[in-house]
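# Breakdown of the fold
One-letter residues, chain by chain:
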Amino acid sequence: MRTPRRTRHLPRTMAGLRNLAIGVHRQDGHTNIAAAPRLTGRDHQRPRTALGLT
């Protein structure tokens, strides 16, 4: 019998990615983490700038 996907590594992986995104937003100086993804989503260059890729 196959184990359902939700009981494997996906929840832990998604939590790690979420924590990484929160850390990047905090490093970029955002204090309102709920509003940061909305602001970042409006400008496709903003995440690259926050990560120092441009």
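Use the structure listed above.
Okay, so let's go over this structure. (Residues numbered from 1 in each chain as written. Predicted model: local features only at pLDDT ≥ 70, side-chain atom pairs only at ≥ 80, totals over all residues. Heavy atoms only, no water.)

## Re the overall build of the protein
The test is simple: Numbered from the N terminus, helices here are DSSP runs of H or I no shorter than four residues, and strands are runs of E no shorter than two. Per-residue accessibility, obtained with a 1.4 Å probe over protein chains only, is compared with the maximum for each type, and a residue is labelled buried under 20%, exposed over 50%, and partly exposed between these values. The accessible surface values rely on the Shrake-Rupley method and a 1.4 Å probe; as for residues, cover is taken only from the protein chains in view.
Of regular secondary structure, the protein possesses three helices and zero strands. Listing the helices and strands of the protein from first to last along the sequence gives α-α-α. Relative to its full complement of 54 residues, the protein shows a buried share of 11%. Counting every atom, the protein has about 4800 Å² of accessible surface; 55% of that belongs to carbon and sulfur.

## A few points about the side chain of Thr40
Note the threshold: Between two residues, a contact is recorded if the distance between any of their heavy atoms is within 4.5 Å.
One can find Thr40 in helix α2 (residues 36–42). Judged by its relative accessible area of 14%, Thr40 falls in the buried class. Look past the residues within four positions of Thr40 in its chain and what remains in contact with it is His25, Arg46 and Pro47.

## Side note on a nonpolar patch on the surface
Spelled out, the test is: Patches here: salt-bridge-free residues with over 30% relative accessible area, like charges joined within 9 Å, nonpolar side chains (Val, Leu, Ile, Met, Phe, Trp, Tyr) joined within 5 Å. One speaks of a salt bridge when a side-chain nitrogen belonging to Lys or Arg is within 4 Å of a carboxyl oxygen belonging to Asp or Glu.
Taken together, the side chains of Leu10, Met14, Leu17 and Leu20 make up a nonpolar region of the molecular surface, amounting to roughly 390 Å² of accessible area. For Leu20, the location among the structural elements is in helix α1 (residues 10–27). Of the residues examined, Leu20 reaches a relative accessible area of 54% and is grouped as exposed.

## Here's the deal with the side chain of His25
Turning to its location among the elements, His25 is positioned in helix α1. We classify His25 as buried; its relative accessible area is 13%.

## Overview of α1
Threshold: What a helix should span is 1.5 Å times the count of its residues minus one.
Helix length check: α1, at 18 residues, gives a terminal C-alpha distance of 26 Å against a target of 26 Å (1.5 Å per residue), a fit within 8%. Phi turns positive, to about 100°, at Gly29, one or two residues after α1.

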